[in-house]
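# Remarks on the overall topology
Residues per chain are reported as follows:
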Amino acid sequence: MSRRILGPFNRVEGDLNITLDFADGKVSAARVTAPLFRGFERILLGREPLDALAIVPRICGICSVSQSVAAAHALSQLYGITPPANGQRVLNLIHAVENIADHLSHFYLFFMPDFARADYQQHGWHGETLARFKAQSGSAVAPMLEARAILMRFMGSLAGHWPHTLCLQPGGVTKVVSAAERVRLQQWLRSFRRFLEQRTFGQPLEAIAALDGQAALEHYRAQTPAADFAHFLHIADSLQLQQLGRSYDHFIAAAAYAGPDGPWSPAGLWQQGLSQPLPQEQISEDNHSSWLAGDGPSAPLHTDTVPLPDKAEGYSWSKAPRVAGLAAETGALARGLLRGEPLLNEMVASAGGNVLSRVVARLTEVARIVPLMEHWLAALELEQPFQQPCPASAVHNSAVGLTEAARGMLGHWVTLDAGRISRYQIIAPTTWNFSPRDSKELPGPLEKALEGVDASDPQALQVQHIVRSFDPCQVCTTH
């Protein structure tokens, strides 16, 4: 047996090391390390509850809106207020912009460039992939960045700036949309839709959202070979990416994009082909392998974050979140399964969660969310309020704010004492996916996904594809 350490990783957000044990030409065990402690949960202690709105967005430069949304949800509960319909629609729009921008950045800038490496030059698709997706200079990069810039204009108009907006509040949003501004936002959204339909998908978004099985996906690939998504599907078929990166097939998601008839994407736990309501009270944090005080599972509302950098059992600053004792994967695939999407259910039924199904889930989610944004924008009632005033003091002493970032479920657990924050615990999507072993020695989802991979070298591209299919955000992980 041999042991190698892979890191630091490029093209991921934050610091990441992975220790891999090799035996008989395969990965026999993996340990994922988040090597940087940040301490935002401790910074929040003793502060006024509303201070969280200014502090938590700074956890991350790419998921900052999601952090704001989770904080605003928790504060809405603490202060006993509900945003008006306009406030919820604008919050959904701002949140959707960040999540879609994340999906596109992941596909074009982080994930696809690995297939342009010289290791794949023997494949017939390599030349085109090199021309289109080579890091920084591929021909597909500039059009995507131009389209993403349009989304960021949309974000700037509604949120004031990005990242770290203060527009999102417990009672709604500070931004009021005028009739002229709505027209301008609709024009930008049409322009962005045009990019997706011409370059990313090569077909109308509604046709992508209607793909209802693997046969339909294969038909789409054959009919639209020039589209970026279809090109990825061709590569995935060539490399059999559906056989790479399977984890436990336990999936968890929070509710996302609230509306008058309920959230567009429901909360829940999915396993063995069945979904169930999210057992929120069974979510725990396990610090056994973390450089943090504590050992076995404890509820976030009753846990403190106390750093212990010399802890003998520790190998990461990340906690190990569990739900009902399970290590669960979160992300766009989890959301799609809980929405009951036929394509994703069929893919997971045949080969589990893997590199292919994670990327298909992210891109097809883009095709579903843009029409929703068009609906939310058209539904704004411009003469109605966008925000409810926040009371002077909280009416509850504890609250939980859950939402969905692009990478999966994000939760903020807040406890007050004498009107000040006494605990503020955060579980981010990559904390779920890249968690270390817990007190029962159960590996985290990525650690499980890497076991058994055919590789004798930590630089093997199979390892890179698996890691990037989760799109880690390490700064959120250790917050």
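Conventions adopted
- Residues numbered from 1 in each chain as written.
- Predicted model: local features only at pLDDT ≥ 70, side-chain atom pairs only at ≥ 80, totals over all residues.
- Heavy atoms only, no water.
- Helix = DSSP H or I, 4+ residues; strand = E, 2+ residues; numbered from the N terminus.
- Buried < 20%, exposed > 50% of the residue type's maximum accessible area, 1.4 Å probe, protein only.
- Lys, Arg positive; Asp, Glu negative; His and termini not counted.
- Salt bridge = Lys/Arg side-chain N within 4 Å of Asp/Glu carboxyl O.
- Polar contact = N/O pair within 3.5 Å; in protein donor to acceptor, adjacent residues only side chain to side chain.
- Contact = heavy atoms within 4.5 Å.
- Pairing = 2+ DSSP bridges.
- Axes fitted to C-alpha atoms, helices over the stretch in contact; angles between N-to-C directions.
- Expected span 1.5 Å × (residues − 1).

## Some words on the side chain of Asp286
Mapping Asp286 onto the fold places it in strand S9 (residues 283-286). No salt bridge is formed by the buried Asp286; the nearest opposite charge belongs to Arg322, separated by 6.4 Å. Polar side-chain contacts of Asp286 include one of 3.0 Å to the backbone nitrogen of His288. Of note is the side chain of Asp286, whose polar atom sits 2.7 Å from the side chain of Ser439. Beyond its immediate chain neighbours, meaning those up to four positions away, Asp286 contacts Asp295, Gly296, Pro297, Lys319, Ala320, Asp438 and Ser439.

## Quick notes on the sheet that holds strand S3 (residues 26-33)
A sheet is described by the order of its strands in space; here three strands give the open sequence S1-S2-S3, paired in antiparallel fashion. Only two strands of the sheet have a single partner each, and these edge strands are strand S1 (2-6) and S3. Taking the axes of each pair of neighbouring strands and ignoring which way they run, one obtains an average angle of 20 degrees across the sheet. Here seven bridges tie strand S2 (residues 17-23) to S3, and the two strands are oriented antiparallel to one another.

## Section: helix H10 (residues 228-239)
Between the first and last C-alpha of H10 there are 17 Å, a value that for twelve residues agrees with the 16 Å anticipated at 1.5 Å per step. Within H10, burial applies to Asp228, Phe229, Ala230, His231, Phe232, Leu233, Ile235 and Ala236. Where H10 is buried, its residues touch helix H4 (85-111), helix H5 (126-133), helix H7 (179-200), helix H9 (214-223) and helix H13 (355-379).

## Quick word on the pairing of strand S12 (residues 398-405)
Among the eight residues in S12, seven count as buried, and that is most of the element. Sheet topology places S12 next to strand S13 (residues 408-417); eight bridges connect them, and they run antiparallel. Within S13, the position partnered with Gly401 by the bridge is His412. Where S12 folds back onto S13 in an antiparallel hairpin, the turn is made up of two residues.

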